[in-house]
Amino acid sequence: MTIQTIKTTPYQDQKPGTSGLRKRVTVYQQPNYVENYIQAIFDCLEGYQGQTLVIGGDGRYYNDVAIQKAIRLAAANGFGRVLVGQNGLLSTPAASHIIRHYKAFGGLVLSASHNPGGPEGDFGIKYNVGNGGPAPEKITDAVYARTKVIDSYKMVDAPDVALGEIGVQHSGDMIVEVLDPVTDYAALMETLFDFDLIRALFASGFRMTFDAMHAVTGPYAHRILEDMLGAPKGTVINGTPSPDFGNGHPDPNLVYCKPMHDLLMTPEGPDFGAASDGDGDRNLIIGKNRFVTPSDSLAILAANAALAPGYATGIAGIARSMPTSAAADRVAEKLGIEMHETPTGWKFFGNLLDAGRVTICGEESAGTGSNHVREKDGLWAVLLWLNIIASRRQSVDEIVREHWATYGRNYYTRHDYEEVDATIASQLVEDLRAQLPALPGKNFEDDLQVAYADDFTYHDPVDGSTSARQGIRIGFTDGSRVVLRLSGTGTVGATLRLYLERYEAADGRHDLDTQTALEPLIAFADQIAGIKSRTGRDEPSVIT
Ligand code: G1P
Ligand code: ZN
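Residues numbered from 1 in each chain as written. Chains lettered and ligands numbered in written order. Predicted model: local features only at pLDDT ≥ 70, side-chain atom pairs only at ≥ 80, totals over all residues. Heavy atoms only, no water.

### Here's the deal with the site of ligand 1
- Around ligand 1, the structure places 14 residues, and the nearest of them are Thr18, Ser365, Arg485, Gly488 and Thr489.
- Between ligand 1 and arginine 497, the relevant distance is 2.6 Å, taken from an oxygen atom to a side-chain nitrogen or oxygen of the residue.
- Considered class by class, the residues forming the shell around ligand 1 number no nonpolar, seven polar and seven charged. (Near = heavy atom within 4 Å. Polar contact = N/O pair within 3.5 Å; in protein donor to acceptor, adjacent residues only side chain to side chain. Nonpolar A, V, L, I, M, F, W, Y, C, P; charged D, E, K, R; others polar.)

As structure tokens, this is what we get:
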């Protein structure tokens, strides 16, 4: 075997964002772009000689090309073994599980999540550490620094691995084991949920539809929902992964899953609808006549988790990202368990999960998960919902209403302004930041009084690290809140995210239209930040 050391020149734009390095495929196709980035990752790690690396992706365009490169780089750098999903597929939560289960040193997760795929779409590479979770900032910062000066990478001169063939192969001296992507993950799910109970639910005529959005969860959902749990064939739609996601946008929200939403709002529709994104870590939950916001879903799953065998002894704590609504906080308070507010991005949950301080985590961006892996997990959320529905013998709508009647309702929405000019967006944030010190005590829109206004700084209680400038928060005396931050996952221009929340007590009104209920806060946010006038947009690109 020959290990070649190949000269390269650095790229200056390989800065990992909220979730790895996401760029247009055309950017990734530049000479040595993949090689530089993966070599830079390896250069920032220590102690991996002879160890195992997991590699898998969501099957999007360029997945196969990047995986072959990654395998050759891993072999040349001295990894002992690579575990790779068949056909290069591993959902992000399954990759996390496989890293943990086989005690791998780490893993490369190739995905741009919910961003469109195909030759004109996006691609991404993320490094996960040995706990199965995304690398912490100290690693991603070091990788970025390394990419700016890298001058060579190491590759073995070996043929492509046959990714379709399950079993053991070699790349140079390194073992490459191609795994069935579903088996280990499905076995894990069986330990967490009452499969007999869910099977009985389907056998009793309960109907659901699961939209895999032509992305990675297709094989997982077919196997688990239809083969193992007995849901009728056809329950899973768009279940074959395709490199361009059927030319769609694999983001499970009310824009891209509108037909399913509309179906669930009709009497003929199924009892339950769910979807997952490109790489299988996000979820959308809709009951008959009831869309469940991700923030409410987190709170309801946490409040009812003990109904599932994997959580029967109770949960240690809950964590949510800062922009996520405070609905879960009320559950934690009632359960008398820890509650943590972290910056946006799953990587901030890792320490809390590892330390056993929290069991369930969630983000408003349709991400929920638990300590079973170190990523959010779309199918996990769907299965926990099914377990809860089967145990309580109630509809989603009944469960949600009872939850509000117990804890109150947090009306919640997010307005995204996508592909805004980056300079305008950062100026907008800077100007708003400058106004913050003067806001507390001021009144707006009749009865909104500002209680606090700051740029969120997180102090990690486990490792003592600090992450500053994580989003502007303006809180009001009645518990309402406006949050504004720039996306860290966009690939073109800037995406401005505006998060709005208002609390209505347990005995208050729970049947208002969300946008109407939040109207005064929407008006306030526009007034204070000048969003419409500065961006020239009349309305958000996406409302979730
Ligand atoms: C977005 C979401 C965030 C999520 C991330 C990765 O990041 O807001 O909650 O963790 O995608 O799926 P953002 O683009 O806001 O930085
Ligand atoms: Zn995702």
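Next comes the rest of the write-up.
### Here's the deal with the sheet that holds strand 20 (residues 443–444)
- Reading across the sheet, the seven strands line up as 20-21-24-25-26-19-27 and stay open at both edges, with antiparallel pairing between neighbours. The open sheet has two edge strands with one neighbour each: strand 20 and strand 27 (542–543). (Pairing = 2+ DSSP bridges. Helix = DSSP H or I, 4+ residues; strand = E, 2+ residues; numbered from the N terminus.)

### What about the sheet that holds strand 10 (residues 208–211)?
- Strand order in this open sheet of five strands is 11-10-12-13-14, and the pairing throughout is mixed. The outermost strands of the open sheet, each flanked by one partner alone, are strand 11 (236–237) and strand 14 (290–292).
- Across the sheet, helix 13 (residues 378–392) touches strand 10, strand 12 (272–276), strand 13 (283–287) and strand 14, and the angle it forms with strand 12 is around 165°. (Contact = heavy atoms within 4.5 Å. Axes fitted to C-alpha atoms, helices over the stretch in contact; angles between N-to-C directions.)

### A look at the side chain of arginine 485
- Of note, arginine 485 is situated in strand 25 (residues 481–486).
- Here arginine 485 occupies a buried position and makes no salt bridge, while the nearest side chain of opposite charge, glutamate 364, is found at 5.9 Å.
- Among the polar contacts listed, one links the side chain of arginine 485 to the side chain of tyrosine 499, at a separation of 2.9 Å.
- In this structure arginine 485 touches Thr18, Pro323, Thr344, Gln470, Gly471, Thr495, Leu496, Arg497 and Tyr499, once residues within four positions along its chain are discounted. (Buried < 20%, exposed > 50% of the residue type's maximum accessible area, 1.4 Å probe, protein only. Lys, Arg positive; Asp, Glu negative; His and termini not counted. Salt bridge = Lys/Arg side-chain N within 4 Å of Asp/Glu carboxyl O.)

### Regarding the coordination of the zinc ion (ligand 2)
- Within the protein, the zinc ion (ligand 2) binds to Ser113 (OG), Asp277 (OD), Asp279 (OD) and Asp281 (OD); these donor distances fall in the range 2.0 to 2.1 Å.
- Coordination at the zinc ion (ligand 2) comes from four donor atoms whose angles at the metal span 85 to 162°, giving a geometry best classed as irregular.
- Motif for the zinc ion (ligand 2), donor spacing along one chain: S-x163-D-x1-D-x1-D. Taken as a pair, serine 113 in the loop between strand 5 (106–110) and strand 6 (122–128) and aspartate 277 in the loop between strand 12 and strand 13 lie far apart in primary sequence, 164 residues in all. Comparing serine 113 with aspartate 277, the two get one shared label, buried. (Donors = N, O, S within 2.8 Å, 3.2 Å for Na, K, Ca; no water. Tetrahedral: all angles 85-135°; square planar, octahedral: opposite > 155°, others 65-115°.)

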